[in-house]
Amino acid sequence: MTHSAESEEASASAVASPRGNLLPRDNYGASTELLGGQIPSRLGCWPGGRAPKLLREVTVAGYPVLLVRSRTQFSALGSRCPHYGAPLSRGVLRGNRLRCPWHGSCFDVRTGDIEEYPALDCLPRFQVRIPAPAPAPRSCSPSRSLFPAGLGIPGPSPSRLQAMWPLAVGVAALVCAETLRQEGFTGRIIMATREKHLPYDKSKLSKVCAGDGKELALVSARAAGPILPSRLLPQAMSVDFQRRRVRFQNGSSQRYDHLLIATGSHPIPLEVPGADLQNICLLQTPEDSRKILELSAGRNLVIIGASFIGMEVAAFLSDKAAAVSVVEKKEFPFQNVLGPQVGAPCPALDRALLFLTRVTFHMKAEVSELKGKDGKVTEAVLDSGTKIPADVVVVGIGEVQASRSRPAALSAFSAPQRMRTSVPNVYAAGDVAAFPVALLHGQHSNIQHQQVAEAHGHVAAFNMLKEPKELRTVPFFWTTMLGKSIRYAGRWEQRQGDARSCASPSRDGYVVAAASLNCDPMVPLIAEVLSTPGPLCSASPREQRAKRQG
């Protein structure tokens, strides 16, 4: 996956409730100037060298090491984020928390432990002596590392626990199993799945459109041995919550003590005449991704939907397909996720889309019919009557929660901050769960992000072990298209019939989400502020004073 550096076209924007923008869509300096010192006073430092240098990468015996100064303490850690190798010297340091500039992973600089996902491993830590010619290696703290030594050591956990995942072994399941083992649990963990791959990075399916489950795997088969169970059962078909039994596709059943439902989501199929023709693709598995790449080479590709999946596929295949057309019923790309306040008047986003030189956009349009010949799609007809040549169609119009075992009591799989559902001993995590978002005053929301799913699995594991832990995370999402990076943190909600961000009147004028284009690490900086108690005001100090005086 390609990651971009900062450029002259850096811009940022934020969603506030309900008055609009925290940051101007301008360059990095203008953005920070508008904040008027409020972020630095809460953060303790600026990224990018605007304060005394607190993060510095050095080389010791050929090994890159990050030196960190936090208040009067000094630490030495691995210099690259374990997620995808981001240089942590460009990250955001606040107190003892260091946040990755690319994808928002957060680490404790005293121990190297993970504080926020999506990274699945901690940072290596070294001893620091002042003065010292070179740091001596010291092992990573086992409390958060992915595969620590001593996983089989008994701990204060129940002697028998069975955690089952119907349908999929995804990141929520992986992190839950990992956390159970780290905390000393030695009982059985049973997973039920229809997947044939080890947990893999699904966010890359639309970014690279190639490879298989092994290439995208989050962990190798050898390393996963201590974490994943040796017994994987076939897809779960139903759950008897009264008897605590799961029935599987092969007719067998299994009793559970605690059940985690992390069934994920399925892409929504297109429902128009001709939708059953060949070469109309949904994207859910590595096989789907590879098929789209093979079918699109040198042919006419039509993508329905201009959110992240559709735009990422368009960017990757823009120089491989003969022609790429994107059809979107909204006025702007990414509008469902980022909201119209970000997408509408954003010149920098428009400039980024110009780099998709071989992509034609049909906005405020819908596909009304697909026509074909010999059973294969050949043409997409829009509601305006426009006809687009189509040898391959990729449908990216959204996803729906996936579960075949949803009783009335779990109709929404609503889970509080401890990820427990209304059914005893049943937990929900990942795309299938709606959970309270602190930024929205505890309003339940369904957020289909990898980082959020990992946090869900972590919290669910602790509460299965009767160690109360609540979900405290700021949702963080990212993408990169043709060298242009988009970062998004927080949660923007739109009420039905209302274009404002969904927040109570008491949060009038306070930031609930932020997005940026090629402006690292601005969004990680704001995410770190949003993770701490107290609201972040979108108004400048002058506006705040005027409001108080008025």
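Just so you know, these numbers come straight off a predicted model, no measurement behind them. (Residues numbered from 1 in each chain as written. Predicted model: local features only at pLDDT ≥ 70, side-chain atom pairs only at ≥ 80, totals over all residues. Heavy atoms only, no water.)

A few words on the overall build of the chain. From N to C terminus, the chain includes 14 helices and 32 strands. Within the span of the chain, comprising 550 residues, buried residues form 55% of the whole. Across the chain, contacts joining residues at least 24 apart in sequence account for 63% of those joining residues at least 6 apart. When the accessible surface of the chain is totalled, it reaches about 23200 Å², and 50% of it is carbon and sulfur. (Helix = DSSP H or I, 4+ residues; strand = E, 2+ residues; numbered from the N terminus. Buried < 20%, exposed > 50% of the residue type's maximum accessible area, 1.4 Å probe, protein only. Contact = heavy atoms within 4.5 Å. Areas by Shrake-Rupley, 256 points an atom, 1.4 Å probe, with all protein chains shown as cover.)

The subject of this paragraph is the sheet that holds strand β6 (residues 97-99). Strand order across the open sheet formed by four strands is β5-β6-β7-β8, with antiparallel pairing between neighbours. Strands at the two margins of the open sheet, each flanked by one partner only, are β5 (92-94) and β8 (114-116). If you compare each strand with its neighbour and ignore which way they point, the axes differ by 30° on average. Here two bridges tie strand β7 (residues 106-108) to β8, and the two strands are oriented antiparallel to one another. Pairing of Cys-106 across the sheet is with Glu-116, part of β8. (Pairing = 2+ DSSP bridges. Axes fitted to C-alpha atoms, helices over the stretch in contact; angles between N-to-C directions.)

Take unusual backbone geometry next. Cis geometry marks the peptide bond from Asp-520 to Pro-521; its omega dihedral reads 0°. Structurally, Pro-521 can be placed in the loop between β32 (510-517) and α13 (522-530). Notably, Ala-61 is not glycine yet its phi reads approximately 55°, a positive angle. Along the chain, the position of Ala-61 falls in the loop between β2 (55-60) and β3 (63-70). You can call Ala-61 exposed: its relative accessible area is 84%. A positive phi angle is found at Met-419, which is not glycine, with a value near 70°. With respect to the element layout, Met-419 can be found in the loop between β26 (399-401) and β27 (426-428).

By the element assignment, Lys-207 lies in helix α4 (residues 205-208). Under the relative-accessibility criterion, Lys-207 is labelled buried at 10%. Within the structure, Lys-207 has its side chain in polar contact with the side chain of Glu-312 (distance 3.1 Å). (Polar contact = N/O pair within 3.5 Å; in protein donor to acceptor, adjacent residues only side chain to side chain.)

Let us now look at the packing of helix α3 (residues 171-182) against helix α12 (residues 450-464). For any two helices packed against each other, the geometry is given by the interaxial angle and the distance between the axes. Relative to each other, α3 and α12 sit at 35°, their axes nearing to 7 Å. The two elements α3 and α12 cross, and the hand of that crossing is right-handed. Residue-level inspection shows Val-171, Ala-172, Val-175, Cys-176, Thr-179 and Leu-180 of α3 in contact with α12, the latter providing Gln-450, Ala-453, Glu-454, Gly-457, His-458, Ala-461, Phe-462 and Met-464. In terms of residue class, the contact of α3 with α12 is made up of nine nonpolar, four polar and one charged. (Left-handed = near helix turned anticlockwise from the far one by under 90°. Nonpolar A, V, L, I, M, F, W, Y, C, P; charged D, E, K, R; others polar.)

Another aspect to go through is the side chain of Ser-325. Along the polypeptide, Ser-325 turns up in strand β20 (residues 323-328). Among residues more than four places away in sequence, those in contact with Ser-325 are Leu-301, Val-302, Ile-303, Thr-360, His-362 and Ile-388.

Moving on, we get to the pattern of salt bridges. Side-chain pairs of opposite charge can arise where the charged atoms are in close proximity. Enumeration according to the criterion identifies eleven salt bridges in this entry. With a shortest N-O distance of 2.8 Å, Glu-528 and Arg-99 are connected by a salt bridge. Highlighted residues: Glu-528 in helix α13 and Arg-99 in strand β6, separated in sequence by 429 residues. With a closest N to O distance of 3.9 Å, Asp-240 and Arg-243 form a salt bridge. (Salt bridge = Lys/Arg side-chain N within 4 Å of Asp/Glu carboxyl O.)

Next up on the list: the packing of aromatic side chains. Scanning all chains against the criterion turns up four aromatic pairs. Taking 4.8 Å as the distance between ring centres and 45° as the angle between the ring planes, the aromatic pair formed by Phe-308 and Phe-334 counts as tilted. Here Phe-334 lies in the loop between β20 and α9 (335-338) and Phe-308 lies in helix α8 (residues 308-317), a separation of 26 residues in the sequence. Residue Phe-308 shares its accessibility class with Phe-334, and that shared class is buried. Judged by centre distance (4.5 Å) and plane angle (70°), the ring pair of Phe-308 and Phe-477 falls under edge-to-face. Of this pair, Phe-308 sits in helix α8 while Phe-477 sits in strand β30 (residues 476-481), and the two are 169 residues apart along the sequence. The two residues Phe-308 and Phe-477 agree in class, both being buried. (Phe/Tyr/Trp six-rings, centres within 6.5 Å; stacked < 30°, edge-to-face > 60°.)

Along the polypeptide, Lys-330 turns up in the loop between β20 and α9. Classification of Lys-330 by relative accessible area gives partly exposed; the value is 30%. In sequence terms Lys-330 and Met-363 are 33 residues apart; their C-alpha atoms lie 6.3 Å from each other. Those residues in contact with Lys-330 that sit more than four places away from it in its chain are Gln-335, Asn-336, Met-363 and Lys-364.

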